[in-house]
Amino acid sequence: MLKFFDSHAHLDDEKFDVDRKKVISEIENSDIACFVTAGYSLEASKKAVKIANQYNFIYATCGISPNDIPQDEENLWKEILEIESIVKSNKDSKKIVAIGEIGLDYYWEKDPKARANQQYWFRRQMNLAREKKLPIVIHSRDAAKDTLDIAKEEKLSEIGGVVHCFSYSVEMAREYLNMGMYLGIGGVLTYKNARVLKEVVDYAPMDRLVLETDSPYLTPVPNRGKRNSSQNLPYVVMAIAEIKGITTKEVEDITWENAVKMYHCLRKYYGHSY
Ligand code: NI
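Residues numbered from 1 in each chain as written. Predicted model: local features only at pLDDT ≥ 70, side-chain atom pairs only at ≥ 80, totals over all residues. Heavy atoms only, no water.

**Some thoughts on the overall build of the protein chain**
Moving on, step 1. Counting its regular elements, the protein chain contains 10 helices and 8 strands.
Moving on, step 2. At 17 Å, the protein chain has a C-alpha radius of gyration in line with the 19 Å of a compact globule built from 274 residues.
Moving on, step 3. Dimensions of the protein chain, computed from C-alpha atoms along their principal axes, come out at roughly 50 × 40 × 40 Å.
Moving on, step 4. Residues classed as buried in the protein chain amount to 55% of the 274 residues present.
Moving on, step 5. In the protein chain, 72% of the contacts between residues at least 6 apart in sequence involve partners at least 24 apart.
Moving on, step 6. About 12500 Å² of surface is accessible on the protein chain, with carbon and sulfur atoms providing 50% of the total.
Moving on, step 7. Computed over 38 positive and 41 negative side-chain charges, the separation of the two mean positions in the protein chain equals 2 Å. (Helix = DSSP H or I, 4+ residues; strand = E, 2+ residues; numbered from the N terminus. Rg over C-alpha atoms; globule rule 2.2 N^0.38 Å. Buried < 20%, exposed > 50% of the residue type's maximum accessible area, 1.4 Å probe, protein only. Contact = heavy atoms within 4.5 Å. Areas by Shrake-Rupley, 256 points an atom, 1.4 Å probe, with all protein chains shown as cover. Lys, Arg positive; Asp, Glu negative; His and termini not counted. Charge placed at Lys NZ, Arg CZ, Asp CG, Glu CD.)

Structure below.
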């Protein structure tokens with residue numbers, strides 16, 4: 001029986017270089033049934049697609065995250081054009097299920113010019129998603145207002161997708177839910193200081209939450225500090241079940257359905273009629 005859908009992880013990460021095959025086979029033999037490995041740079045996107053092409057139950061996203069935008073513009077154009085051609089040539093295998101991670105990250109970037117650059121490439125990749133009829137995976141950190149403004153201007157509601165590792169307030173959650181977006185919930189929910197995220201999970205309808213690990217990062221309690229893997233998803237499921245007052249089985253089932261709906265290109269693999 002299919003159980004967990006890890007909607008966001010980084011199997012390409014160098015922390016998995018020593019034992020990637022073993023990690024993937026552990027996932028394959030566990031209750032984690034489906035898996036999306038997220039790109040964040042040209043390099044990572046290529047690796048994600050390569051891994052996805054090797055395993056039935058693994059899919060990929062492609063995109064350049066705000067933290068991985070190359071400094072010189074010529075390189076950036078080259079990279080974005082290559083990502084576009086990877087996505088466009090994917091139409092037969094359908095293993096690329098979203099454009100992402102894309103967005104804004106002002107935590108690491110203080111320079112206004114560089115921030116404006118992030119905004120430009122965020123919009124540009126949203127348009128690629130619109131053109132390819134793919135959802136997007138948003139990475140947004142310390143950039144709530146600008147991300148929301150761009151989301152509205154670019155009519156995110158027509159594109160869809162997930163705000164990955166959601167870290168904003170209930171008011172912000174309401175805005176994204178109104179646009180039809182899903183909220184990605186992971187290990188952070190188990191942290192002591194996660195008061196705001198707990199409020200968000202309490203507020204959001206259950207049919208708009210998806211599970212994610214962001215592994216190898218953001219390991220949930222009680223394994224915090226160790227390398228994260230999808231095997232830790234049950235801790236996130238338990239935390240959601242407790243807040244929502246429902247069973248862990250219900251959380252597994254509903255988040256599974258949500259992820260399949262969100263990455264709508266998975267439809268044909270699972271025969272759902274969404
Ligand atoms: Ni990520």
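**Considering the coordination of the nickel ion**
Each angle at a metal carrying four tetrahedral donors should ideally be 109.5 degrees, and each at a metal carrying six octahedral donors should ideally be 90 or 180 degrees.
Moving on, step 1. For the nickel ion, the protein coordination sphere consists of H8 (NE2), H10 (NE2), E101 (OE) and D214 (OD), at 2.0 to 2.2 Å.
Moving on, step 2. The sequence motif formed by the donor residues of the nickel ion is H-x1-H-x90-E-x112-D. Of this pair, H10 sits in the loop between β1 (4-9) and α1 (20-28) while E101 sits in strand β4 (residues 96-105), and the two are 91 residues apart along the sequence. Judged on exposure class, the residue H10 and its partner E101 are both buried. (Donors = N, O, S within 2.8 Å, 3.2 Å for Na, K, Ca; no water.)

**Quick word on the nonpolar core**
Moving on, step 1. Formed by 73 residues in total, the largest nonpolar core has its most connected members in I136, L156, Y176, L183 and I240.
Moving on, step 2. The biggest single contributor to this core is helix α8 (residues 233-244), with 6 residues.
Moving on, step 3. In contact with L156, not counting residues within four places along its chain, are M126, I136, I138, A151, Y176, M179 and M181.
Moving on, step 4. With 15 residues, the next largest nonpolar core counts V36, Y59, V162 and V260 among its residues. (Core = buried A, V, L, I, M, F, W, Y, C linked by side-chain atoms within 4.5 Å.)

**With respect to the pattern of salt bridges**
Between side chains of opposite charge, pairing is possible as soon as their charged atoms come close.
Moving on, step 1. Applying the stated rule across the entire model yields 13 salt bridges.
Moving on, step 2. For the salt bridge of K22 with E26, the shortest nitrogen-to-oxygen distance reads 3.5 Å. Here K22 and its partner E26 are both found in helix α1, 4 residues apart, which amounts to about one turn of the helix.
Moving on, step 3. Given a relative accessible area of 52%, K22 falls into the exposed group. (Salt bridge = Lys/Arg side-chain N within 4 Å of Asp/Glu carboxyl O.)

**Describing helix α9 (residues 248-262)**
Moving on, step 1. If you check α9, its first and last C-alpha atoms are 21 Å apart, about what 15 residues at 1.5 Å a residue would give, namely 21 Å.
Moving on, step 2. Those residues of α9 that sit buried are V251, E252, T255, W256, N258, A259, V260 and M262. (Expected span 1.5 Å × (residues − 1).)

**Some words on the confidence of the model for the protein chain**
Moving on, step 1. Chain-level pLDDT for the protein chain is 90 on average; 93% of the residues reach the 70-or-more range.
Moving on, step 2. Taken as a whole, residues 270-274 scores under 50 in pLDDT and shows 13 contacts with residues more than four places along the chain or in a different chain. (pLDDT = per-residue confidence, 0-100.)

**Details of the side chain of T213**
Moving on, step 1. Mapped onto the secondary structure, T213 falls in the loop between β8 (209-211) and α8.
Moving on, step 2. Setting aside residues up to four positions removed in sequence, T213 forms contacts with D6, H8, A9, L218, N228, S229, S230 and L233.

**A word on the environment of F166**
Moving on, step 1. By the element assignment, F166 lies in the loop between β6 (161-163) and α6 (170-178).
Moving on, step 2. For the pair F166 and C34, spaced 132 residues apart in sequence, the C-alpha separation works out to 21 Å.
Moving on, step 3. Setting aside residues up to four positions removed in sequence, F166 forms contacts with M172, A173, Y176, L183, G184, L197 and V200.

**As for the packing of aromatic side chains**
Moving on, step 1. Per the counting criterion, the structure on display carries 8 aromatic pairs.
Moving on, step 2. A centroid spacing of 6.2 Å and a plane angle of 75° characterise the contact between Y55 and F57, whose relative ring orientation is edge-to-face. The two residues Y55 and F57 agree in class, both being buried.
Moving on, step 3. Taking 6.5 Å as the distance between ring centres and 75° as the angle between the ring planes, the aromatic pair formed by F166 and Y176 counts as edge-to-face. Pair noted here: F166 is in the loop between β6 and α6 and Y176 is in helix α6, with a separation of 10 residues, a long-range link.
Moving on, step 4. The buried category is assigned to Y176, whose relative accessible area is 1%.
Moving on, step 5. Ring pairing ties together the aromatic residues F5, W256 and Y263, which thus form one cluster. (Phe/Tyr/Trp six-rings, centres within 6.5 Å; stacked < 30°, edge-to-face > 60°.)

**Comments concerning the packing of α6 against helix α7 (residues 195-203)**
Moving on, step 1. It is the contact of α6 with α7, at a shortest axis distance of 9 Å, that shows an interaxial angle of 40°. For the element pair α6 / α7, the angle class is oblique. Both α6 and α7 take part in a crossing whose hand is right-handed. From α6, V170, A173, R174 and L177 reach across to α7, where they touch E199, V200 and Y203. (Axes fitted to C-alpha atoms, helices over the stretch in contact; angles between N-to-C directions. Parallel < 35°, antiparallel > 145°, perpendicular 65-115°, else oblique. Left-handed = near helix turned anticlockwise from the far one by under 90°.)

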